[in-house]
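Analysis of the macromolecular model
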Amino acid sequence: MQRRTLLHNLFSSMVALPILGSLEARIIASNSSIGRRDLRTPKVFVETDDEKYIRRAIHLAGNVPKYPFGALLVDQQKDVVVAEGWNRSVHNPTWHGEMDAINKCAASHSKIDWTKLTLYTTAEPCAMCQGAVAWSGISRVVFGSSIPFLKTLNWWAIDIRAEELSRLSSFRKCTVVGGVLENECNKLFRTALTIK
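To keep things clear, this report deals only with the structure shown in the data block. No experiment lies behind these values; they were computed from the predicted model shown.

Conventions adopted
Residues numbered from 1 in each chain as written. Predicted model: local features only at pLDDT ≥ 70, side-chain atom pairs only at ≥ 80, totals over all residues. Heavy atoms only, no water. Core = buried A, V, L, I, M, F, W, Y, C linked by side-chain atoms within 4.5 Å. Buried < 20%, exposed > 50% of the residue type's maximum accessible area, 1.4 Å probe, protein only. Helix = DSSP H or I, 4+ residues; strand = E, 2+ residues; numbered from the N terminus. Contact = heavy atoms within 4.5 Å. Salt bridge = Lys/Arg side-chain N within 4 Å of Asp/Glu carboxyl O. Phe/Tyr/Trp six-rings, centres within 6.5 Å; stacked < 30°, edge-to-face > 60°. Lys NZ or Arg CZ within 6 Å of the ring centre and 35° of its normal.

Let's talk about the nonpolar core
Membership of the largest hydrophobic core comes to 22 residues, with the highest contact counts inside it found for Leu-73, Cys-105 and Trp-114. Going through the elements one at a time, β1 (70-75), β2 (80-86), α3 (97-108), β3 (117-123), α4 (127-136) and β4 (140-145) are the ones with two or more residues in this core. When residues of this core are assigned to their parent elements, the largest contribution, 4 residues, is made by α3. Setting aside residues up to four positions removed in sequence, Trp-114 forms contacts with Leu-73, Ile-102, Cys-105, Ala-106, Ser-136, Gly-137, Ile-138 and Ser-139. Counting residues in each nonpolar core, the second largest holds 13 residues, with Tyr-53, Ile-54, Ala-57 and Leu-72 among its members.

This is the structure we're talking about:
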């Protein structure tokens, strides 16, 4: 899978751009825009790993469409999914998708280096889940829908952002990235409100 991603990126940067030169195609290679489509670039799009894994989280959220909180942990160096989870709060109110993935990882990978992991989730982690991220040492969190968005739909949420909790957890270093495939994730939560 990693080889395929490398070949895809190589093709996109070395072959597609010269071919599309007449269309003034440009892919901006800064951290803030990798994988984003430059509006001046017709039909050119390179999917980032973040988007690939958020798509997987969206798929996992389908296990419980009424509570579409899907999550997975990925080893950043090996580009391998080490655990997946989804919301099981009907059984236990603290069994959020992120907690499910973290607990599965702990159970199946007792010697894992948590600092090499990224947590991907359809929604911004709540205070409890972001606290678990800090305690476990996960170094990166990527989410789709934000807590402010969820609150506009009247989803229950503790009004503190994951980035703020990360900053307050000074004993750990965790980067928080939000808004990846935000529209697709937002649609999950809007649709969930229609399920009885």
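A closer look at the pattern of salt bridges
Counted under the stated rule, the structure contains 10 salt bridges. Asp-159 is the partner of Lys-151 in a salt bridge, and the nearest nitrogen-oxygen pair spans 3.1 Å. Between Glu-164 and Arg-167 there is a salt bridge whose closest N-O contact spans 2.7 Å. Of the two residues, Glu-164 and Arg-167 are both situated in helix α6 (residues 162-168); the distance of 3 residues between them amounts to about one turn of the helix. The class of Arg-167 is exposed, set by a relative accessible area of 54%.

Looking at the packing of aromatic side chains
Following the criterion strictly, the structure yields 6 aromatic pairs and no others. Relative to Trp-155, the ring of Phe-69 has its centre 5.5 Å away and its plane inclined at 85°; by these criteria the two rings are edge-to-face. Residue Phe-69 is found in the loop between α2 (49-61) and β1, and its partner Trp-155 is found in the loop between α5 (147-152) and α6; the two are separated by 86 residues along the sequence. As far as the burial class goes, Phe-69 and Trp-155 line up, both buried. One aromatic cluster is present, built from ring pairs that chain together Tyr-67, Phe-69, Trp-155 and Phe-189. For the cation-ring pair, Lys-104 lies above Trp-86, with the distance from its terminal atom to the ring centre recorded as 4.2 Å.

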